Amino acid sequence: MSVLVVGSIAFDSVETPFGRAENVLGGSATFFAAAASHFAPVQVVGVVGKDFPMEQLAPLAARGVDLAGIEHADGESFRWRGRYRHDLNAAETLETRLGVFSHFRPKIPPQFRSAPFVFLGNIDPRLQLDVLQQVEKPRFVACDTMNFWIESRRDDLLALLPHVDALTVNDSEARQLTEEVNLVRAARWIMARGPRHVVIKKGEHGAFMFTPENIFFAPAYPLEEVFDPTGAGDSFAGGFIGYLARSGDLSDENMKRAVVCGSAMGSFAVESFSIGRVLEIGMRDIWERVDAFHRLVGFEREMIG
Ligand code: AMP
């Protein structure tokens, strides 16, 4: 089953304790598509400027990602500049240049409108809502956001929540959105506004999935080297939604497997700048990492005493 994603397609400039990269391919839609393409057919909606060399997206096309929904508009492409210091869980945004995103109105190609799975990647919530108004009854809609939009478009974001099945945010975004310090309470606050599933990512400390009946936790894979955390959240979402689309199963048990696939894809994303590592891996690497997660958390329940 196909997955439709709308989100940013960006030039990222990133500084980490291990190096820096200037104007590399990034953006929420880009990372998501790269990760989800291992699991299901992906259709991308977004915008780039005239300065964007379309051949940069050729590796995605080679993985079968349908780029027919990418508009080539007059103006500059979206640019994000960020820095990570020793706490790799916290990105510090140094600059956000919306460029062509400031006048963008998503136009969903007719052949994308019946996509059963939709991911509203991190982008202006008004554009996320605009996309939902153009699609036909998807089975599952997930949505991501970040501090930039929580601060500048809070009301639009709150208006979007009733139309969303799952919200994926990191812990600081959950706290900022809900004004709750405790993450369990934050998740309840979000669920009360619409989404039945709330995924709260905690970087190297793993991810929680809250549903009205359950709380599930998956650790992050304990890597020896985290090179660049940029894109981990979107790659997580790509693994999560991609796996749901591949299996077509929205039961709580399967959602847990999807969270583990998300954690696996996030762990590959942080091994390189940009989408290089996520594109280079194959299904065998992914299942091996999923097995490693299974060994990491599995234990015999019989207790002594
Ligand atoms: P994450 O997966 O959460 O690390 O997201 C990383 C990507 O988000 C980067 O590649 C950026 O280009 C993109 N990004 C940063 N700020 C924004 C924003 N305000 N709106 C949309 N995308 C953004």
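Residues numbered from 1 in each chain as written. Predicted model: local features only at pLDDT ≥ 70, side-chain atom pairs only at ≥ 80, totals over all residues. Heavy atoms only, no water.

K.L.:
So, the pattern of salt bridges: which residues are in play, and what are the values?
P.N.:
Summed over all chains, the structure comprises 21 salt bridges. Note that Glu22 and Arg81 form a salt bridge whose closest N and O atoms lie 3.1 Å from each other. One end of the pair, Glu22, is in strand 3 (residues 19–26); the other, Arg81, is in strand 6 (residues 78–83), and 59 residues separate them in sequence. On the basis of relative accessible area, Arg81 is assigned to the partly exposed category, the value being 29%. With its nearest N and O atoms 2.9 Å apart, the salt bridge here joins Glu76 to Arg97. Taken as a pair, Glu76 in the loop between strand 5 (66–72) and strand 6 and Arg97 in strand 7 (residues 92–97) lie far apart in primary sequence, 21 residues in all. The exposure class assigned to Glu76 is partly exposed, which follows from its relative accessible area of 37%. (Salt bridge = Lys/Arg side-chain N within 4 Å of Asp/Glu carboxyl O. Helix = DSSP H or I, 4+ residues; strand = E, 2+ residues; numbered from the N terminus. Buried < 20%, exposed > 50% of the residue type's maximum accessible area, 1.4 Å probe, protein only.)

K.L.:
Run through the side chain of His38, naming residues and quoting values.
P.N.:
Tracing the chain through its elements places His38 in the loop between helix 1 (28–36) and strand 4 (42–48). A polar contact is formed between the side chain of His38 and the backbone oxygen of Val278, at a distance of 2.7 Å. Look past the residues within four positions of His38 in its chain and what remains in contact with it is Arg63, Arg246, Met265, Val278, Leu279, Ile281, Met283 and Ile286. (Polar contact = N/O pair within 3.5 Å; in protein donor to acceptor, adjacent residues only side chain to side chain. Contact = heavy atoms within 4.5 Å.)

K.L.:
Give me the site of the ligand: which residues, what numbers.
P.N.:
The full set close to the ligand counts 18 residues, and Ser8, Asp12, Gly27, Gly231 and Asp234 are the nearest of them. A distance of 3.5 Å is found between a nitrogen atom of the ligand and a side-chain nitrogen or oxygen belonging to Asn122. Elements supplying a minimum of two residues to the shell around the ligand: strand 2 (10–16), strand 6, helix 4 (147–152) and helix 8 (232–247). Ranked by the residues each element gives to the shell around the ligand, the list is headed by helix 8, at 3 residues. (Near = heavy atom within 4 Å.)

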